[in-house]
Amino acid sequence: MAALRLAILMCDTPMPSLKAVYGDYRQIFETFLTSSLAPINASKSGQAQVTFTLVGYDVVTEMAYPPNEEEYDGLLISGSTASAYENLEWINKLVAYVKRIAEEKPKMKIFGICFGHQIIARALGGSCVQNNGSWEVAVTTIQLSPLGKAIFGTDELDLQQMHRDHVPTSPPHSYILGSTDITPNHGMVMFHPLSAPSAEVLNSSVPNVPLSSIHILTVQGHPEFTEPFVSTLINARVHLIGEELAADARLRAGGIVGRHHPDGQPCDGVSIVGKVMWGMLGVA
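No experiment lies behind these values; they were computed from the predicted model shown. (Residues numbered from 1 in each chain as written. Predicted model: local features only at pLDDT ≥ 70, side-chain atom pairs only at ≥ 80, totals over all residues. Heavy atoms only, no water.)

A few words on the UniProt feature "domain: Glutamine amidotransferase" (unreviewed entry) in the protein. Listed under "domain: Glutamine amidotransferase" (unreviewed entry) in the UniProt record, and renumbered for this structure, are residues 47-178. Between the end C-alpha atoms of residues 47-178 the distance is 35 Å, and the span holds 24% helix and 30% strand. (UniProt positions renumbered as here; feature names shortened; annotations may be inferred. Helix = DSSP H or I, 4+ residues; strand = E, 2+ residues; numbered from the N terminus.)

Two elements in contact, helix α3 (residues 89-104) and helix α4 (residues 115-123), have axes separated by 9 Å at closest approach and are oriented at 70 degrees. Relative to α4, α3 is oriented roughly perpendicular. Relative to α4, α3 is oriented so that their crossing is right-handed. Facing Trp90, Ile91, Asn92, Leu94, Val95, Val98 and Lys99 of α3, the residues of α4 in contact are Phe115, Ile119, Ile120, Arg122 and Ala123. Along the lines of polarity and charge, the residues of the contact of α3 with α4 split into nine nonpolar, one polar and two charged. (Axes fitted to C-alpha atoms, helices over the stretch in contact; angles between N-to-C directions. Parallel < 35°, antiparallel > 145°, perpendicular 65-115°, else oblique. Left-handed = near helix turned anticlockwise from the far one by under 90°. Contact = heavy atoms within 4.5 Å. Nonpolar A, V, L, I, M, F, W, Y, C, P; charged D, E, K, R; others polar.)

A few words now on the pattern of salt bridges. All chains considered together, the criterion is met by seven salt bridges. The partner of Arg26 in a salt bridge is Glu30, with the nearest N and O atoms 3.1 Å apart. One end of the pair is Arg26 and the other is Glu30, both in helix α2 (residues 25-42) and four residues apart, which spans about a single turn. With relative accessibility at 21%, the residue Arg26 sits in the partly exposed group. A relative accessible area of 28% places Glu30 in the partly exposed class. (Salt bridge = Lys/Arg side-chain N within 4 Å of Asp/Glu carboxyl O. Buried < 20%, exposed > 50% of the residue type's maximum accessible area, 1.4 Å probe, protein only.)

Three or more residues of helix α9 (residues 243-252) are buried, namely Ala246, Ala249 and Arg252. Down the axis of α9, the buried set is contained in an arc of 120 degrees. They therefore lie on one face. Across from the buried face of α9, at angles greater than 90 degrees, the exposed residues are Glu243, Glu244 and Leu251. Looking at the packing, one finds that the buried side of α9 touches β6 (136-137), β7 (140-144), α7 (227-236) and α8 (238-241). (Arc of directions from axis to C-beta.)

Structure below.
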């Protein structure tokens, strides 16, 4: 039995009504990762099953971090209601930590989700700013780049969203995976110099990139969010996003009409993004 150890840097706490149902972000991501791993294990009939442990670290109030990174195969950075560009002690410490881990730990896979995507960008030489007051909320279709299509195995990706900040400038040596009309960088990958495919491969029209060669994966959306979770967030944030967008987002929280996904879910978080994350960790 393969047993993986993962750490999650928890950059926020869900509001009380959501935490009461879904738990903290460690529990939310544990549920997400378990759901995405289930069909992989189901396909391993007669083979060793994969298990994992997810350990949470509160980087906001406790400013806690893994004491020994060598214990972990992967590191997740969660979303947050904070902005990655804020000059706050805990955010600055997080940026410095991510920069060090990305540079010094080539074997540790790093995953950035929404705020985590933006923190990684800032830590590695990109930027994060408010997106001219434009929100993206609920299930949104992302147009994928050739590399994004190769990695995710599809031409478009539907993910739950809840953000008004974005990454206008990507870090050096990063590759954008997809975009929307509002957000030009909806996710990116980076390769460690020791395992990077050639530039010719990465820039080809049909890149052939082993998932295990990816060092860092980020997405601006929320593959871990479910329809009820997002619907509750929309209702709680009407005063921020406005009545018109909230009404439209409620219609898309359960998926985009006419678009269907292999697992019957409203978006591709579990079935595609989760599967790619496991692939990066060597679970095929």
